[in-house]
Every structure is written in C-alpha cells, then in structure tokens.
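# Architecture at a glance
The primary structure of each chain is shown beneath.
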Amino acid sequence: MLVPFSMLHNYRVLSQEDSNSLAMVNFTKVVFLLIIVFGHRYWTLLYVHHPVHNMEQAEKSYTNQNYAVLHSGALVNDVFLSVSGFLTAYSLLKTCGKLRGRQFVSCVWRKIYKLYPAYFFTLGFTTILLPAL
C-alpha cells in the first residue's frame with residue numbers, strides 16, 4: 001500500500017530503460033506541479049493580506065537565484081500544461097487509437113464523462129461555496 005511513496009522503489013522505476021514507459025515524463029510533470037504549488041505558497045506567505053506587507057523580502061528574492069524558478073511562473077505553468085496535455089493525448093490515443101468511427105467517438109466521450117464530475121465539483125465549489133466561507 002505504501003510502495004508508491006517509497007523513494008527507493010520510485011528511483012528503480014525511473015532508472016529503468018523501458019522504451020514503453022513514460023515514468024520520466026510523469027516525474028517531470030510532478031516536479032513542475034510541486035514547483036507551482038510551492039510558488040503559490042511562497043507568494044501567499046510573502047504577501048499576506050496586502051501586496052506590500054513584506055516588500056524588503058520580495059525585493060531580495062528577485063536578486064537571489066534560488067527564487068528564480070518561483071518568479072518564472074508562466075514558464076513553469078506552460079511546461080506543466082504541455083506535459084499534462086501530452087500525457088492526456090498519449091493516454092487517449094493508447095486507449096482509443098485502434099478504434100474507428102463510432103467506437104472511437106464513444107471511447108472519447110467516455111473519457112470526457114469521467115472528467116466532468118470532478119470539473120463540475122471544482123467549478124461549483126469555487127463559485128458557490130468558496131465565496132461564502
């Protein structure tokens with residue numbers, strides 16, 4: 001049950017030279033996702049309740065190379081979305097690619113319907129429940 005969280009197991013999976021494996025691409029996606037999450041958390045901590053709350057620290061962070069990735073948010077988001085789109089298209093073509101005609105369309109619609117509940121929950125939460133909190 002805890003094997004997916006094992007660093008040793010994941011290192012072994014990533015270091016295999018399997019031509020059909022996209023483990024390294026998935027790893028890249030996770031790394032950029034973590035950079036995005038930490039970047040948003042950093043900005044939340046830096047600018048609590050007011051944009052100039054901690055201006056000295058903000059100015060120092062622009063001259064420090066350690067924060068360069070956090071300040072290049074557009075590039076990080078673009079890479080994350082590109083890799084996610086690639087993996088989604090790969091998964092779709094791997095599942096539905098050999099089908100033709102109506103079978104292909106129904107396979108694509110099944111994939112879309114799997115995403116709708118999570119999408120509508122997130123949309124409803126952010127538009128209805130979150131403002132009320």
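From a predicted model like this one, the values you see are computed outputs, not experimental measurements.

## Let's talk about the overall build of the protein chain
- Scanning the protein chain from terminus to terminus reveals six helices and zero strands.
- When the elements of the protein chain are put in sequence order from the N terminus, they spell out α-α-α-α-α-α.
- Contacts in the protein chain between residues far apart in sequence, at least 24 positions, make up 49% of those at least 6 positions apart.
- Accessible surface, the protein chain as shown: approximately 11000 Å² in total, 67% of it carbon and sulfur.

## Some details on the state of the cysteines
- Within the structure shown, the criterion is met by one disulfide.
- Paired by a disulfide, Cys96 and Cys107 hold their sulfur atoms 1.8 Å apart. In this structure, the disulfide formed by Cys96 and Cys107 twists by about -65° around the S-S bond and is classed as left-handed. Of the two residues, Cys96 is situated in helix H5 (residues 73-96) and Cys107 in helix H6 (residues 102-132); the sequence distance between them amounts to eleven residues.

## Considerations on the UniProt feature "transmembrane region" (unreviewed entry) in the protein chain
- Per the UniProt record, "transmembrane region" (unreviewed entry) is found at residues 21-43, 74-93 and 113-132.
- Within the segment residues 113-132, helix and strand shares are 100% and 0% respectively, and the terminal C-alpha atoms sit 29 Å apart.

## Description of the packing of aromatic side chains
- Counting across every chain of the model gives six aromatic pairs.
- Between the aromatic rings of Tyr119 and Phe120, the centroid separation amounts to 5.4 Å while the plane-to-plane angle is 55°, which identifies the pairing as tilted.
- A network of ring pairs unites the aromatic residues Trp109, Tyr113, Tyr116, Tyr119 and Phe120 as a single cluster.

## Quick word on a nonpolar patch on the surface
- There is a patch of nonpolar side chains on the surface, built from Val105, Trp109, Tyr113, Tyr116, Tyr119, Phe120 and Leu123 and spanning about 740 Å² of accessible area.
- Within the secondary structure, Val105 sits in helix H6.

## Things to note about the packing of H5 against H6
- One way to put it is that H5 packs onto H6 with a least axis distance of 10 Å and a crossing angle of 135°. Between H5 and H6, the angle falls in the class oblique. Read as a crossing pair, H5 and H6 show a hand that is right-handed. Every residue of H6 that contacts H5 at Ser91, Leu92, Thr95 and Cys96 is listed here: Phe104, Cys107, Val108 and Lys111.

## Topic: the environment of Val79
- Assignment of secondary structure puts Val79 in helix H5.
- Taking C-alpha positions, Val79 is 8.2 Å from Lys29, a pair spaced 50 residues apart along the chain.

## Some details on the confidence of the model for the protein chain
- Scored by pLDDT, the protein chain comes out at a mean of 80, with 84% of its residues at no less than 70.
- Ranking the elements of the protein chain by mean pLDDT puts helix H4 (residues 68-71) last, at 70, and H6 first, at 88.

Reading guide: rules and limits
Residue numbers restart at each chain and count upward from 1, following the sequence in its written direction. In view of the model being predicted, local features appear only for residues whose pLDDT reaches at least 70, and side-chain atom pairs are presented and counted only at 80 or more, with totals across whole chains, interfaces and linings using the full set of residues. Working from all heavy atoms in the structure, the side-chain values ignore hydrogens and water. Helix and strand assignments follow DSSP, with helices taken as H or I runs no shorter than four residues and strands as E runs no shorter than two, numbered in order from the N terminus. Should any heavy atoms of two residues lie within 4.5 Å, those residues are considered in contact. Surface exposure here means Shrake-Rupley accessible area, sampled with a 1.4 Å probe, where a residue is shielded only by the protein chains that are shown. Only a pair of cysteine sulfur atoms within 2.5 Å qualifies as a disulfide here. UniProt positions are given in the numbering used here, feature names are shortened, and annotations may be inferred rather than shown by experiment. The rule is short: rings of Phe, Tyr and Trp, with Trp giving its six-membered ring, pair when the centres are within 6.5 Å, and they are stacked under 30 degrees, edge-to-face over 60, tilted in between. Patch members must show over 30% relative accessible area and no salt bridge, and they are joined within 9 Å when carrying like charges or within 5 Å when they are nonpolar side chains of Val, Leu, Ile, Met, Phe, Trp or Tyr. When a carboxyl oxygen of Asp or Glu lies within 4 Å of a side-chain nitrogen of Lys or Arg, that pair is called a salt bridge. Here an angle of 0 to 180 degrees is reported between the N-to-C directions of two axes, which are lines fitted to C-alpha atoms, with helices fitted over the stretch in contact. Put simply, angles under 35 degrees are roughly parallel, angles over 145 are roughly antiparallel, angles from 65 to 115 are roughly perpendicular, and the rest are oblique. Should the near helix be turned anticlockwise from the far one by less than a right angle, the crossing is termed left-handed; should it be turned clockwise, right-handed. Every residue gets a pLDDT, meaning the predictor's confidence in that residue, from 0 to 100.

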